[in-house]
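Observations on chain architecture
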Amino acid sequence: MTQTTDSPAVRHAPRRRRPQIHRAWTVAAVTFVTIIGGAAFNSLPGLLIDPLHTEFGWSRGEIGLAVSIDMALYGLTAPFAAALMDRFGIRRVVVVALGAVAAGALASVWMTASWQLMIYWGLLVGLGTGSMAMAFSATVTHRWFVARRGLVTGILTAAGASGQLVFLPLCAWIVSEHGWRPASVTVALAALVVVPFVWLLMRDHPADVGLAPYGGAYVEKPAPARGAAARTLRVLADAARTGPFWLLAGSFAICGASTNGLIRTHFVPSAHDHGMEITAAASLLAVIGVFDIVGTVFSGWLTDRFDARRLLAVYYALRGISLLFLPMLMAPVVHPPMVFFIVFYGLDWVATVPPTLALCRERYGEDSAIVFGWVLASHQVGAALVAFLGGVARDVTGSYDVVWYASGALCATAALMALVIRRGHGGATPAAAG
């Protein structure tokens, strides 16, 4: 017998609750926005090399040195930032970091000497962005996610590219129409706008809101880890006794050299050398950001399913081949082969991050965020060297061609290094993993 809508069984049937979105996704969204705000400054160096050279007469080597200090500190700060987040909490560390980026960007408006560029761009911004580097993403994904870690890592890694997509065309237009100082102020404001979101919505651990990590079982929040610096150095000492650490660090150094140090810093001035407008070259970098998002998220998906070592080898090999062709593609106007290079390079830009982080988790367990921080430090040291040496090569030879060819050869080396990394076991301690 069919019940009517007035029957007692229907009237008193409990309504189904909509499934709530897990708080981990809110934390991931705030992390994404934070990385975008911190990454805004990374859009500036390539745009400002020519304006600073013109206004102050500083050599490209001097300007490249300031950028290299920023990149090196970005990397060297990351492992300590991961340990500081264990000690003081994610929110406090990130808010202070955003303040440092804003202070450095604002102070640069009044600089008159190259040593000030080193302090404001190199020291303050390097320390600030380093505290919001990929070790920040690693800490968030490790605490808040058990399922979908690879996918979330890819999404958060893509945040840097998203910041580039948003800020590169904007800053290029501001530099062209109003000068470099308003662009620097824009970056400072972008960092400050993110602060309220971090303070109000970010939480340090799922247990703070009585939740289990997404896809995992409930765990109590660990006590604050004291001796952050000592722990960071101890983890480095243990990891350095294992072969995979050096292979990961070496290949990731080449990754940084061929992306942040090379393309992000020197692509715009190199294209300008060949007669291309700065705004057009910056727009090409923004397109890299579009496809970077797609490539990194897809790489995260692949990392959940395939051998991370083979993925890395393919990524590095294809990147090296593309760099060998780049000098032939430079021209005053944008043509289809250059567009193909930009799309291809964008897909490969930081696709290396999810498999590299997965290998760190596999080998180093609970210390993986700090180990990845040190691997990231090598990434930025590689970037810093090429940011400086690329400027010197341009000053000495009048061309960037030798830098493109050398970077292509290095990427082939990185592909071989990735293939010989030995597989580990999840949760293994560094000492045992070797």
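Keep in mind that what you see is a predicted model, and the values were worked out from it rather than measured.

1. Here's the deal with the overall build of the protein
- Across its full length, the protein holds 19 helices and zero strands.
- Scored against the burial criterion, the 434 residues of the protein give a buried share of 56%.
- In the protein, 84% of the contacts between residues at least 6 apart in sequence involve partners at least 24 apart.
- Only carbon and sulfur atoms are counted for the fraction: they give 67% of the accessible area of the protein, which is about 17800 Å².

2. Quick word on helix 11 (residues 243–258)
- Over its 16 residues, helix 11 extends 23 Å from the first C-alpha to the last, a length consistent with the 22 Å expected when each residue adds 1.5 Å.
- Extensive coverage of helix 11 is indicated by the burial of 12 of its 16 residues.
- Here helix 11 has its buried residues at Pro244, Phe245, Leu248, Ala249, Ser251, Phe252, Ala253, Ile254, Cys255, Gly256, Ala257 and Ser258.

3. Quick word on the pattern of salt bridges
- This model, assessed by the stated rule, comprises eight salt bridges.
- Two residues, Asp238 and Arg241, come together in a salt bridge whose shortest N-O distance is 2.6 Å.
- A salt bridge links Arg310 to Asp307, with the shortest nitrogen-to-oxygen separation between them at 2.9 Å.
- Judged by its relative accessible area of 15%, Asp307 falls in the buried class.

4. Overview of the packing of helix 11 against helix 14 (residues 308–329)
- As a packed pair, helix 11 and helix 14 sit with axes 12 Å apart at the nearest point and diverge in direction by 35 degrees. Considering only the axes of helix 11 and helix 14, their crossing is left-handed. Of the residues in helix 14, those touching helix 11 at Ser251, Phe252, Cys255 and Ser258 are Tyr316, Arg319 and Leu323.
- A class-by-class count of the residues in the contact of helix 11 with helix 14 yields four nonpolar, two polar and one charged.

5. Considerations on the environment of Leu376
- Here Leu376 is to be found in helix 17 (residues 368–397).
- Residues Leu376 and Cys255, 121 residues apart in the sequence, show an inter-C-alpha distance of 9.9 Å.

6. Topic: a nonpolar patch on the surface
- A surface patch of nonpolar side chains, about 670 Å² in accessible area, is lined by Val314, Leu318, Ile321, Leu324, Phe325, Met328 and Tyr405.
- At six residues, helix 14 tops the list of elements feeding residues into the nonpolar patch.
- Taking relative accessible area as the criterion, Leu324 reaches 38% and is therefore assigned partly exposed.

7. Digging into the packing of aromatic side chains
- Following the criterion strictly, the structure yields 11 aromatic pairs and no others.
- A centroid spacing of 6.3 Å and a plane angle of 40 degrees characterise the contact between Tyr400 and Trp404, whose relative ring orientation is tilted. Like Tyr400, the residue Trp404 is buried in the burial classification.
- Among the aromatic residues, those joined into a cluster by ring pairs are Trp25, Phe145 and Tyr214.
- For the cation-ring pair, Arg91 lies above Trp199, with the distance from its terminal atom to the ring centre recorded as 4.5 Å.
- Here the basic side chain of Arg319 rests over the ring of Tyr345, its NZ or CZ set 6.0 Å away from the ring centre.

8. Looking at helix 15 (residues 336–348)
- With 13 residues, helix 15 extends 19 Å between its outermost C-alpha atoms, agreeing within 8% with the 18 Å of an ideal straight helix rising 1.5 Å per residue.
- All of the buried residues in helix 15 are Met338, Phe341, Ile342, Tyr345, Gly346 and Asp348. Within helix 15, the buried residues cover an arc of 165 degrees as seen down the axis, which keeps them to one side. Looking at helix 15, the residues exposed on the side facing more than 90 degrees away from the buried face are Pro336 and Phe340.
- Looking at the buried side of helix 15, the elements it contacts are helix 11, helix 12 (260–273), helix 13 (278–303) and helix 14.

9. Topic: the confidence of the model for the protein
- Here the protein averages 81 in pLDDT, while 90% of its residues score no lower than 70.
- Confidence drops under pLDDT 50 across residues 1–19; counting only partners more than four residues distant or on other chains, this segment forms six contacts.
- Taken as a whole, residues 426–434 scores under 50 in pLDDT and shows 20 contacts with residues more than four places along the chain or in a different chain.

10. Description of the side chain of Gln116
- Locating Gln116 in the fold gives a position in helix 6 (residues 114–131).
- Under the relative-accessibility criterion, Gln116 is labelled buried at 11%.
- With sequence-adjacent residues up to four places away left out, Gln116 is seen in contact with Met111 and Trp121.

Scoring rules and cut-offs
Residues numbered from 1 in each chain as written. Predicted model: local features only at pLDDT ≥ 70, side-chain atom pairs only at ≥ 80, totals over all residues. Heavy atoms only, no water. Helix = DSSP H or I, 4+ residues; strand = E, 2+ residues; numbered from the N terminus. Buried < 20%, exposed > 50% of the residue type's maximum accessible area, 1.4 Å probe, protein only. Contact = heavy atoms within 4.5 Å. Areas by Shrake-Rupley, 256 points an atom, 1.4 Å probe, with all protein chains shown as cover. Expected span 1.5 Å × (residues − 1). Salt bridge = Lys/Arg side-chain N within 4 Å of Asp/Glu carboxyl O. Axes fitted to C-alpha atoms, helices over the stretch in contact; angles between N-to-C directions. Left-handed = near helix turned anticlockwise from the far one by under 90°. Nonpolar A, V, L, I, M, F, W, Y, C, P; charged D, E, K, R; others polar. Patch = residues over 30% accessible without salt bridge, like charges linked within 9 Å, V, L, I, M, F, W, Y side chains within 5 Å. Phe/Tyr/Trp six-rings, centres within 6.5 Å; stacked < 30°, edge-to-face > 60°. Lys NZ or Arg CZ within 6 Å of the ring centre and 35° of its normal. Arc of directions from axis to C-beta. pLDDT = per-residue confidence, 0-100.

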